[in-house]
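Architecture at a glance
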Amino acid sequence: MAGPASVPARASGAVSGSASVPGRRGRLRIADRVYARIAARAAREVLAEAWPAGRAKGAPPHVSVAVPGSTVTVRVALELPFPSDVAALATAVRARIAERVAALTGARVSDVVVVVEKLVTGGTR
């Protein structure tokens, strides 16, 4: 039996020709709705922790994104539970969205704007 050293270069992943030049491999474009879905899911995850027993009474987050160049800007409108620490929830939503979008897409998140549209009774605090 031959050892790993006898594997041909082609089978080991070596590529020849113009396919190895990064500029000739193509581009990856992620649709805006993909960024929006990731951001909405991240916001829902944070909000699920704020409602008692996970029973969210507010409307789902409304997310819009802009992708000017290589960065992503996210705007999310939320209904938060009342009473609750509104500033802490908004900060947690902002951080989770920025972290998830960057981790899952590789894009740099330049800004996350959180707009609290309504406070809904039934919060945990």
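Report follows, based on the coordinates. Since the structure is predicted, the reported quantities are computational estimates derived from the model, not experimental observations.

Attention shifts here to unusual backbone geometry. The amide bond that connects Phe82 to the next residue, Pro83, takes the cis arrangement and shows omega of 0°. When you line up the elements, Pro83 lands in the loop between β2 (71–82) and α2 (86–105).

Turning our attention to a nonpolar patch on the surface. On the surface, a nonpolar cluster with roughly 250 Å² of combined accessible area is contributed by Phe82, Val116 and Leu119. Mapped onto the fold, Leu119 is located in strand β3 (residues 108–121). A residue is classified by how much of its surface remains accessible, and Leu119, at 41% relative accessible area, is partly exposed.

Turning next to the nonpolar core. Val63, Val74, Val76, Leu78, Val93 and Ile97 are the most contacted members of the largest nonpolar core, which has 29 residues in total. Of the residues forming this core, the biggest block, ten residues, is contributed by helix α1 (residues 32–50). Contacts of Val63, omitting those with residues within four sequence positions, involve Ala36, Ala39, Ala40, Val74, Arg75 and Val76.

Quick notes on the rules
- Residues numbered from 1 in each chain as written.
- Predicted model: local features only at pLDDT ≥ 70, side-chain atom pairs only at ≥ 80, totals over all residues.
- Heavy atoms only, no water.
- Helix = DSSP H or I, 4+ residues; strand = E, 2+ residues; numbered from the N terminus.
- Patch = residues over 30% accessible without salt bridge, like charges linked within 9 Å, V, L, I, M, F, W, Y side chains within 5 Å.
- Areas by Shrake-Rupley, 256 points an atom, 1.4 Å probe, with all protein chains shown as cover.
- Salt bridge = Lys/Arg side-chain N within 4 Å of Asp/Glu carboxyl O.
- Buried < 20%, exposed > 50% of the residue type's maximum accessible area, 1.4 Å probe, protein only.
- Core = buried A, V, L, I, M, F, W, Y, C linked by side-chain atoms within 4.5 Å.
- Contact = heavy atoms within 4.5 Å.

Structural measurements only, silent on function.
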